[in-house]
Amino acid sequence: MGLLLPLVLYALATCCVATSPLMQTLLPTPLLSLGCNSSEALGVAGFALQDINRDRTDGYVLSLNRVSNVQQHRQNIQGSVYYLTLDVLETDCHVLSKKSWKDCEARTLHETVYGQCKAIIYINRPSRIIYSPAYNCTLRPVSRRKIHHMCPDCPSPVATDLSDPRVLEAATESLGKYNNENSKQYSLFKITRASSQWVFGPSYFVDYLIKEPPCTKSHISGCALQPSDSVPVGICKGSLGRRGTEKFVSVTCNFFESEAPTLGVENSAVNQEPARLPKVGELQQENPTPTDSPSKALTKGSVQYLPDLDDEQPEDSTGQVPVEAFPVQLDLTTNPQGETLDVPFLFLGPMKEKLVVLPFPKGEYHSAECPGPAQMGNPLVLPP
Ligand SMILES: *[C@@H]1O[C@H](CO)[C@@H](O)[C@H](O)[C@H]1NC(C)=O
Ligand SMILES: *[C@@H]1O[C@H](CO)[C@@H](O)[C@H](O)[C@H]1NC(C)=O
């Protein structure tokens, strides 16, 4: 008898882990809610984010702050379709660096841009297929007002649209310094981020993409290989500070890993190419195909940047939380029964199997263990 009790307790414990998905059969759809700190949820979220970052050509790599909701839909064929809601943070790496989000540094609180992504991803482990048909994200900068409260001297963001000439001046002065010191002739492609701070005088900090100069006569042979419209080759961080009439300029540049020249022939279905699952323990995934062809047949998703929430929510209207602070729309179908998705390119065999996708599940269905623990738990950077 004395032995039985621990056994019964053990059985209860395992029973309840096992039944929580069963309870979900009461839902109108065949979805299972996963715990947001489970290794399955975290693994799937990692793949989804990797896919989102790889798909983008603009902006900074997004990292996972926490998993907010995961619904699993087991398919009649092997594998499952997952519906993910992820709370994300912008990192310091530009997407063109092609770095994995796990290798990118989070930003300090005052320069954080945060938000939410929804993604739909099919994972078939036996066949090692990962395929994400769609994602969408919405981001906002951290509240300037609240940051100013905590840190009145922190740099504050400045528009990168060149409405402030001192932003452009900081970029050109710092790039000039880089070119001088390295006998190079890179030119400015685009300013991607800017902020200002009072140090001994006004100081501007900028991130900008650089491109190679157009062909010069001395490189005639190399010219034919150059694409007609130039692409960014690296990203620089520069600053320009003033103290009286003195100027202080700093610059560091990082170059993107150069890609093999693509001849534009074998790229037709690139966007639909599924990724192959890495072997167990091999977290870093090789880029299986040249996925960054500039002319994409299909758009899988987009990242929408909205202004500071304070700008939409003036201080006097406290208590009036907007209906949805981070609206993210992601529906491949509106049919509650779901729709089949034709994905012949996913399966190598003769069987042309189909995925079933459902309308994106609404937030009311989630596991008790959601959202999961956050990397950066400050409420200022967590979507409400
Ligand atoms: C993603 O968002 C865009 C704009 O916010 C919207 O037009 C598009 O339909 C969304 N994608 C899906 C699959 O819902
Ligand atoms: C999440 O999971 C990790 C690893 O299993 C565990 O160490 C951690 O305590 C969990 N956190 C929460 C909040 O449940």
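Owing to the predicted nature of the structure, the values given are computational and were not obtained by experimental measurement.

(A) Local environment of the environment of Gly176. Along the chain, Gly176 falls in helix H4 (residues 165-182). When the C-alpha positions of Gly176 and Ser187 are compared, they lie 8.8 Å apart, and in sequence the two are 11 residues distant.

(B) Structural detail: the environment of Ser203. Among the structural elements, Ser203 can be located in strand E8 (residues 202-211). In sequence terms Ser203 and Arg242 are 39 residues apart; their C-alpha atoms lie 6.3 Å from each other. With near-sequence residues (within four places) excluded, Ser203 lies in contact with Ser195, Ser196, Gln197, Leu240, Gly241 and Arg242.

(C) Seen up close, the side chain of Gln72. Mapping Gln72 onto the fold places it in strand E2 (residues 60-74). Classification of Gln72 by relative accessible area gives buried; the value is 4%. Looking at Gln72, its side chain comes within polar contact range of the side chain of Ser80, at 2.9 Å. Reaching out from Gln72, the side chain makes a polar contact with the side chain of Tyr82 at a distance of 3.4 Å. With sequence-adjacent residues up to four places away left out, Gln72 is seen in contact with Pro30, Leu31, Leu32, Leu34, Glu40, Ser80, Val81 and Tyr82.

(D) A look at the sheet that holds strand E10 (residues 246-255). The antiparallel open sheet is built from 5 strands, whose spatial order is E6-E7-E8-E9-E10. Because the sheet does not close on itself, it has two edges, and the strands there are strand E6 (156-157) and E10. Here strand E9 (residues 232-243) pairs with E10 via 10 bridges, running antiparallel. If you follow Gly241 over to E10, its bridge partner there is Phe248. Seen against the sheet, H4 touches strand E7 (187-198), E8, E9 and E10 and runs at an angle of roughly 70 degrees to E10.

(E) Local environment of helix H2 (residues 39-55). End to end, H2 covers 24 Å across 17 residues, agreeing with the expected 24 Å (1.5 Å per residue, within 8%). Burial within H2 is extensive, with 13 of its 17 residues counted as buried.

(F) Expanded view of the pattern of salt bridges. Evaluation of the coordinates by the stated rule reveals 17 salt bridges. Among the salt bridges present, the one from Asp164 reaches Arg166, with a minimum N-O distance of 3.2 Å. Given the relative accessible area of 13%, Asp164 is considered buried.

(G) A look at the packing of aromatic side chains. Counted by the stated rule, this structure contains 5 aromatic pairs. Summarising the aromatic geometry, the rings of Tyr178 and Tyr186 are spaced 6.4 Å apart at their centres and angled 50 degrees between planes, so their arrangement reads as tilted. Of the two residues examined, Tyr178 and Tyr186, each falls in the buried class. Note on Tyr178 and Phe255: the rings are 6.3 Å apart at their centroids and 45 degrees apart in plane angle, and the pair reads as tilted. Taken together, the positions of Tyr178 in helix H4 and Phe255 in strand E10 put the pair 77 residues apart, joining distant regions of the chain. The exposure class of Tyr178 is buried, given its relative accessible area of 14%. Each member of the aromatic cluster is reached from another via a ring pair, and the members are Tyr178, Tyr186 and Phe255. Above the face of the Phe200 ring, Arg243 is positioned so that its terminal group lies 4.2 Å from the ring centre.

(H) Seen up close, the confidence of the model for the protein chain. Overall, the predicted model of the protein chain reaches an average pLDDT of 80, with 74% of residues at or above 70. Within the protein chain, helix H1 (residues 4-23) has the poorest average pLDDT of any element, 37, and strand E3 (residues 80-94) the best, 97. Confidence drops under a pLDDT of 50 for residues 1-27, and excluding neighbours within four residues, the segment shows 6 contacts in the predicted structure. Per-residue pLDDT stays below 50 along residues 278-297; that stretch engages in 33 contacts with residues further than four places along the chain or on separate chains.

(I) How the structure looks around the nonpolar core. Counting residues in hydrophobic clusters, the biggest one holds 33 residues, and the most contacted among them are Leu49, Tyr82, Leu84, Leu86 and Ile121. Of all the secondary-structure elements, those providing two or more residues to this core are H2, E2, E3, strand E4 (113-124) and strand E5 (129-141). Take this core: its biggest share by element is 7 residues, from H2. Residues contacting Leu86, with those up to four places away along its chain left out, are Ala45, Leu49, Leu64, Arg66, Val67, Ser68, Gly115, Gln116 and Cys117.

(J) How the structure looks around the state of the cysteines. This model, assessed by the stated rule, comprises 5 disulfides. Between the sulfur atoms of Cys117 and its disulfide partner Cys137 the distance amounts to 2.1 Å. Between Cys117 and Cys137, the disulfide has an S-S torsion of 105 degrees and is therefore right-handed. Here Cys117, found in strand E4, pairs with Cys137, found in strand E5; they are 20 residues apart in sequence, far enough to count as distant. The two residues Cys117 and Cys137 agree in class, both being buried. In this model, Cys151 is linked to Cys154 through a disulfide, with the two sulfur atoms separated by 1.9 Å. Residues Cys151 and Cys154 are joined through a disulfide that is right-handed, its torsion about the S-S bond being 95 degrees.

Rules used in this analysis
Residues numbered from 1 in each chain as written. Chains lettered and ligands numbered in written order. Predicted model: local features only at pLDDT ≥ 70, side-chain atom pairs only at ≥ 80, totals over all residues. Heavy atoms only, no water. Helix = DSSP H or I, 4+ residues; strand = E, 2+ residues; numbered from the N terminus. Contact = heavy atoms within 4.5 Å. Buried < 20%, exposed > 50% of the residue type's maximum accessible area, 1.4 Å probe, protein only. Polar contact = N/O pair within 3.5 Å; in protein donor to acceptor, adjacent residues only side chain to side chain. Pairing = 2+ DSSP bridges. Axes fitted to C-alpha atoms, helices over the stretch in contact; angles between N-to-C directions. Expected span 1.5 Å × (residues − 1). Salt bridge = Lys/Arg side-chain N within 4 Å of Asp/Glu carboxyl O. Phe/Tyr/Trp six-rings, centres within 6.5 Å; stacked < 30°, edge-to-face > 60°. Lys NZ or Arg CZ within 6 Å of the ring centre and 35° of its normal. pLDDT = per-residue confidence, 0-100. Core = buried A, V, L, I, M, F, W, Y, C linked by side-chain atoms within 4.5 Å. Disulfide = S-S within 2.5 Å.

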